[in-house]
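An overview of the molecular structure
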Amino acid sequence: MVVNKKSPETVARKRKKKKFNREAIAAYLFIAPTMIGLFMFYIFPALASFALSFTKWNGISMPEYVGLENLIQLFTDSSFLRSIVNTAVFTFVSVPFTVIIAIFIAVMLNQKIKGIIFYRTLYFLPVVTMPVAVGMVWKWLYNTDYGLINYILGIFHLPQPSWLFDPKISLISVIIVYTWMSVGNNIILILAGLQGIEKTYYEAADIDGASRIRKFFSITLPLLTPTIFFVFITGMISSLQVFDLLFVMIGNSTALLEPLRTIVYGVYESGFKYGEMGIASAQAFILFLAILLMTIIQFIFQKKWVYYDS
């Protein structure tokens, strides 16, 4: 009678494989809720929106395939082209402006001064304030007749511009509000980056007799570039999708619509105001491509200016 005995190595491999299978099943169970939510609320709607961009659909009847007709209609529409320009101006002005201000304030808040916790909280408060509330308050502040800003300007006999109704400055006025609302989040991120810089660099610079300005441009700024890069990426994505702040500040005024129209506002207007879901989906797909392209470009060029301290 021959008895087949399994070698210790075989038994160990089977036990290890069985343990791995149990751990894999447990891991999949833990990530299942997140993956299901990601697919249901992000991936599937994105794919459905892409498919609908080639159809004519009012949200009720069956979609009708029209091919590239929606895209052709959009790029021959002056309002959509204006929204692209407005979105580009809004992004390329607000993001660098916000980052520069955030760096300056973060450097100031990184000092050992009395009441530093209070100041950090004060700058972060606009971030946790609802954009609808921010839009309503600033809309009142910008009011030409009884707004607080023009009232103060009137006291000093200065010009009182029509902040929102003048096409030349209306977009800049909204950029100021957006900067005020979003700069706090960037301050926190940049402040964390500042506190992660090794003190030995500054000690060596002090020994060499470097000034504060030299230390900032030769040590602080280069070592802060990874954080700045992250802030640029997230800020760009957020600014390209701005809607709620503009929607509140525009209100029902048609005079404000064209100077402040953005791509996302066009998505809302086409889909929920006029019931043209195909056009709205096409605009959303174009916005997705713009965000993807800008992100890829930034990741390519970040190798030239982002310094990762090893």
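First, a word on what this report is: a plain description of the structure on this page. (Residues numbered from 1 in each chain as written. Predicted model: local features only at pLDDT ≥ 70, side-chain atom pairs only at ≥ 80, totals over all residues. Heavy atoms only, no water.)

1. Remarks on the overall build of the protein chain
- In terms of helices and strands, the protein chain carries 13 helices and two strands.
- Scaling as 2.2 N^0.38, a compact globule of 310 residues should have a C-alpha radius of gyration of about 19 Å, whereas the protein chain reaches 27 Å, well beyond that.
- Within the protein chain, buried positions represent 34% of all 310 residues.
- Put simply, of all contacts in the protein chain between residues at least 6 apart along the chain, 66% involve residues at least 24 apart.
- As displayed, the protein chain offers around 20,100 Å² of accessible surface, 70% of which is attributable to carbon and sulfur atoms.
- Averaging the locations of the 25 positively and 16 negatively charged side chains of the protein chain gives two centres separated by 16 Å. (Helix = DSSP H or I, 4+ residues; strand = E, 2+ residues; numbered from the N terminus. Rg over C-alpha atoms; globule rule 2.2 N^0.38 Å. Buried < 20%, exposed > 50% of the residue type's maximum accessible area, 1.4 Å probe, protein only. Contact = heavy atoms within 4.5 Å. Areas by Shrake-Rupley, 256 points an atom, 1.4 Å probe, with all protein chains shown as cover. Lys, Arg positive; Asp, Glu negative; His and termini not counted. Charge placed at Lys NZ, Arg CZ, Asp CG, Glu CD.)

2. So, unusual backbone geometry
- Phi is positive for His157, close to 55 degrees, though the residue is something other than glycine.
- Following the sequence through the fold, His157 ends up in the loop between helix 6 (148–155) and helix 7 (170–195).

3. Brief notes about the packing of helix 3 (residues 78–109) against helix 7
- In the contact formed by helix 3 and helix 7, the axes pass within 6 Å of each other and the chain directions differ by 45 degrees. On the basis of the axis angle, helix 3 is oblique to helix 7. The element helix 3 and its partner helix 7 pack so that their crossing is right-handed. (Axes fitted to C-alpha atoms, helices over the stretch in contact; angles between N-to-C directions. Parallel < 35°, antiparallel > 145°, perpendicular 65-115°, else oblique. Left-handed = near helix turned anticlockwise from the far one by under 90°.)

4. Topic: the pattern of salt bridges
- Taken as a whole, this structure holds three salt bridges when the rule is applied.
- Between Glu258 and Arg261 there is a salt bridge, with the nearest N and O atoms lying 2.8 Å from each other.
- Note on Arg261: relative accessible area 6%, which makes it buried. (Salt bridge = Lys/Arg side-chain N within 4 Å of Asp/Glu carboxyl O.)

5. Some remarks on the packing of aromatic side chains
- Within the structure shown, the criterion is met by 20 aromatic pairs.
- With 6.3 Å between their ring centres and 40 degrees between their planes, Phe39 and Phe44 make a pair best called tilted.
- Classification of Phe39 by relative accessible area gives partly exposed; the value is 43%.
- What makes Phe44 partly exposed here is its relative accessible area of 48%.
- Aromatic side chains Phe50 and Phe285 sit 4.8 Å apart centroid to centroid with 55 degrees between the ring planes, which places their arrangement in the tilted category. With a gap of 235 residues between them, Phe50 in helix 1 (residues 8–52) and Phe285 in helix 13 (residues 277–305) connect regions that are remote in the sequence.
- Note on Phe50: relative accessible area 36%, which makes it partly exposed.
- Grouping aromatic residues by their ring pairs yields a cluster made of Phe243, Phe247, Tyr265, Tyr268 and Phe272. (Phe/Tyr/Trp six-rings, centres within 6.5 Å; stacked < 30°, edge-to-face > 60°.)

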